[in-house]
Amino acid sequence: MAEFSLLDDSDLAATTAQGLVAETLARADDGELFIERRQTESFSFDDGRLKLASFDETAGFGLRAVAGEPTAFAHASELSQPALARAAATCRSILDHGRSVAVDAAPARTNRQLYGAHDPVAAVGFAAKVALLERIDAFTRGLDPRVAQVTVSLALDHQAVEIIRADGFSASDVRPLVRGGVTVRASNGKTSAAAGHGFGGRAEALSYFDDALWQEAAREALRQALVGLEAEAAPAGEMDVLLGPGWPGILLHEAVGHGLEGDFNRKGTSAFAGLLGSRVAAPGITIVDDGTLAQRRGSITIDDEGTPSQCTTLIEDGVLVGYMQDRLNARLMGGRSTGNGRRQSFAHAPMPRMTNTYMLAGPHDPGEILASMASGLYARSFGGGQVDITSGKFVFSCTEAYLIEKGRITRPVKGATLIGTGSDALTRIAMVGNDMALDSGIGTCGKGGQGVPVGVGQPTLRLNRLTVGGTAAR
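Remember, predicted model here, so these are calculated numbers, not experimental data. (Residues numbered from 1 in each chain as written. Predicted model: local features only at pLDDT ≥ 70, side-chain atom pairs only at ≥ 80, totals over all residues. Heavy atoms only, no water.)

1. Considering the packing of helix H1 (residues 14-24) against helix H2 (residues 81-92)
Selection rule: Axis definition: a line fit to C-alpha positions, over the contact stretch in the case of helices; interaxial angles, taken between N-to-C directions, run 0 to 180 degrees. Strands are runs of DSSP state E lasting at least two residues, helices are runs of H or I lasting at least four, and both sets are numbered from the N terminus onward. Here the word oblique covers every angle except those under 35 degrees (roughly parallel), over 145 (roughly antiparallel) and from 65 to 115 (roughly perpendicular). Whether two residues are in contact is decided by their heavy atoms: any pair within 4.5 Å suffices. For this classification, the nonpolar set comprises Ala, Val, Leu, Ile, Met, Phe, Trp, Tyr, Cys and Pro, the charged set comprises Asp, Glu, Lys and Arg, and every other residue, Gly included, is treated as polar.
Contact pair H1 / H2: the axes reach a minimum separation of 10 Å and the direction vectors enclose 10°. Classed by the angle they form, the pair H1 and H2 counts as roughly parallel. Along the contact surface, H1 presents Thr16, Ala17, Leu20, Glu23 and Thr24, while H2 presents Gln81, Leu84, Ala85, Ala88, Cys91 and Arg92. For the contact of H1 with H2, the class distribution of residues is 6 nonpolar, 3 polar and 2 charged.

Below, the structure written as structure tokens:
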């Protein structure tokens, strides 16, 4: 991959930065200087007019020193020698109190590039972006007379990062990111319902101005909203559940994925702690975290510690075989980083985070899975959810769901929630579809006060006897 220095246009010389990093981390087990320049732009078009247009530009660094487990971290929003010197003095204080272990080797290098170095913020002018929002709004309103309100959003992100280590290692990456969305509120005069659909990734920004892409999002948002108009109260109780492909993988991400991050397992706070080599899911279940998918929202050429991303198998044929690791937790657990050390910005320290987490396809046709169910709930899309990492307990709300009766999808329902435990839910998977799909590029994962872009995915799944919360009597 092409290398560059973010210090070329700053008041901080690269040689000065390298010297301060080497001096600061000379007695550290690990650490790095993380430099970032970033531009973001966002728009919201609502009620037929532009409601929000914002632009932000930031630059800064985060300096981290690790001594055993204790970590010192200092950051500043200016790239200057005095600011870095103050940060270095702060970090050196931790080295007098930590206990040193074997120093970890520098990350491997890669020539792989998963996305271009294009700038989505500058690719299209302001007027063209507003004109696109107007076109999407007009198109969506013209789809159906029941459309009562339309909201269109667009977010553009151009992030350039550089990682410098005490041993002379340096790596850099430019990460473009685009996300768009359409939300529709439909009304039939008696009731109303709202739904949204989004799209995004790290592809060329101009590709998101393609008519087919945003028109598909508008139609899908409208379809879900119209389904909501006809939905009846969901029943409650224990029943078989059919999960759709793609975005429903958000349940997998939250209920299982976080529990497979290295820090929770090193500290013993995950429901999966100490279970490497044990069966934790039904046979045939394989789950991976893959940061190497070209142009996907959750992909990263290198992580925020400089380690190349990779495809990490977490559960293989139902057996737990790996965790997602950053450098610190991998070293303390006697392993190696899997390229999952991520941070929200230069003002945050890295931690183990997911990239694109998904379940591999199985042998069954989705129609075959549906036909096998005498009754149950079909959950096609999800909204918010809550998960307890320690116990693995989750509660997820369905934004689009239907009853299953005699092997057929019948009436739409609203107010359905799925309740269970991640480890238990994995054992209840009875059939895995051959239609694995990734989400449309909209996910943002929160952890420890930090948000990073992620991807999720799965095939159609049948789960036996899952608890469903609802408001109607059965």
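2. Some thoughts on the pairing of strand E1 (residues 30-46)
We count it as follows: A 1.4 Å probe rolled over the protein chains alone gives each residue an accessible area, and that area as a share of the maximum for its type sets the label: buried under 20%, exposed over 50%, partly exposed in between. Strand pairing is assigned whenever DSSP detects at least two bridges linking the two strands.
Of all the 17 residues making up E1, 14 are buried; the element is thus mostly covered by neighbouring parts of the structure. Note that E1 and strand E2 (residues 49-66) share 17 bridges and pair antiparallel. Looking at the pairing, Ser44 lines up with Leu52 of E2. The turn linking E1 back onto E2 is made up of 2 residues, and Asp47 within it adopts a positive phi angle of 55°. Examined bridge by bridge, E1 and strand E4 (residues 147-164) share 14 bridges and lie antiparallel to one another. The residue bridging Ile35 from the neighbouring strand is Glu162, located in E4.

3. Section: the packing of aromatic side chains
Selection rule: Note on aromatic pairs: the rings of Phe, Tyr and Trp (six-membered ring only in Trp) are paired at centre separations within 6.5 Å, and the planes decide the class, stacked below 30 degrees, edge-to-face beyond 60, tilted for the rest. Only when the NZ atom of a Lys or the CZ atom of an Arg is both within 6 Å of the ring centre and within 35 degrees of the ring normal do we say a charge sits over the ring.
Inspection of the entire model under this criterion finds 6 aromatic pairs. An angle of 15° between the planes, with centres 6.2 Å apart, marks the rings of Phe199 and Tyr208 as stacked. The same class applies to Phe199 as to Tyr208, namely buried. An aromatic cluster is built from Phe382, Phe394 and Phe396, whose rings are joined through pairwise contacts. Above the ring of Tyr115, the side-chain terminus of Arg202 is found at 5.3 Å from the ring centroid. Over the ring of Phe34 we find Arg343, and its NZ or CZ is 4.1 Å from the ring centre.

4. A word on the nonpolar core
Inclusion rule: Throughout this description, the term nonpolar core refers to a set of buried Ala, Val, Leu, Ile, Met, Phe, Trp, Tyr and Cys residues connected via side-chain atoms within 4.5 Å.
In terms of nonpolar packing, the biggest core is built from 43 residues, with Val256, Leu260, Ile287, Ile315, Phe382, Leu418 and Leu426 touching the most fellow members. Among the elements of the structure, strand E8 (237-243), helix H6 (249-257), strand E10 (311-316), strand E15 (375-387), strand E16 (393-405), helix H10 (422-427), strand E19 (429-432) and strand E23 (461-469) are those that each provide at least two residues to this core. Residues in contact with Ile315, not counting those within four places in the same chain, are Val256, Leu260, Val280, Ala281, Ile285, Thr286, Ile287, Leu320, Val321 and Leu426. Counting residues in each nonpolar core, the second largest holds 32 residues, with Leu132, Val147, Ala203 and Ala217 among its members.

5. Observations regarding the sheet that holds E2
The 6 strands are arranged E3-E2-E1-E4-E5-E6 in an open sheet whose pairing can be described as antiparallel. For this open sheet the edge positions go to strand E3 (71-76) and strand E6 (192-201), each flanked by a neighbour on one side alone. With strand direction ignored, the average angle separating the axes of adjacent strands in the sheet is 20°. In the sheet, E2 pairs with E3 via 6 bridges, with the strands oriented antiparallel. Its bridge partner lying in E3, Leu63 is registered against Ala74. H2 rests against E1, E2 and E3 of the sheet, and its axis sits at about 55° to E2.

6. Here we look at unusual backbone geometry
We note that Gln295 has phi near 65°; this positive angle belongs to a residue other than glycine. Secondary-structure assignment places Gln295 in the loop between strand E9 (287-290) and E10. Among the residues examined, Gln295 registers a relative accessible area of 40% and is labelled partly exposed. The phi torsion at Lys406 lies on the positive side, around 55°, for a residue other than glycine. Of note, Lys406 is situated in the loop between E16 and strand E17 (408-414).

7. Description of the environment of Met354
When you line up the elements, Met354 lands in the loop between strand E13 (351-352) and strand E14 (356-359). Residues in contact with Met354, not counting those within four places in the same chain, are His253, Gly257, His258, Glu261, Asp289, Met324, Asn340, Arg342 and Val454.

8. With respect to the pairing of E8
For E8, a buried count of 5 out of 7 residues is recorded, marking the element as mostly surrounded by other parts of the structure. Across 6 bridges, the pairing between E8 and E23 is antiparallel. Counterpart to Gly237 in the pairing with E23 is Val468. Direction of pairing for E8 relative to E15: parallel, over a ladder of 3 bridges. Its bridge partner being in E15, Leu243 is matched across the sheet by Ala379.

9. Digging into the packing of helix H4 (residues 126-141) against helix H5 (residues 211-230)
Condition: Handedness of each helix crossing follows the sense of rotation of the near helix against the far helix: counterclockwise by less than a right angle gives left-handed, clockwise gives right-handed.
Where H4 meets H5, the axes come as close as 10 Å, and the angle between the chain directions of the two elements is 45°. The orientation of H4 with respect to H5, classified from their angle, is oblique. Both H4 and H5 take part in a crossing whose hand is right-handed. Facing H4, whose interface residues are Leu132, Arg135, Ile136, Phe139 and Thr140, H5 presents Asp211, Trp214, Gln215, Ala218 and Arg219. A class-by-class count of the residues in the contact of H4 with H5 yields 5 nonpolar, 2 polar and 3 charged.

10. Focus on H5
The periodicity of an α-helix, 3.6 residues per turn, causes residues three or four positions apart to be oriented the same way. To keep things clear, this is the line we draw: Expected span of a helix, by definition, is 1.5 Å for each gap between consecutive residues, and there is one gap fewer than residues. Two N or O atoms form a polar contact when they lie within 3.5 Å of each other; inside protein one atom must be a possible hydrogen donor and the other a possible acceptor, and for residues adjacent in sequence the pair counts only when both atoms belong to side chains.
Across its 20 residues, H5 extends 29 Å between first and last C-alpha, which sits within 8% of the 28 Å expected from 1.5 Å per residue. Among all positions in H5, only Trp214, Gln215, Ala217, Ala218, Glu220, Ala221, Leu222, Gln224, Ala225, Leu226, Val227 and Leu229 are buried. Two or three places before Ala212, at the opening of H5, Asp210 has a side-chain oxygen 3.2 Å from that residue's backbone nitrogen.

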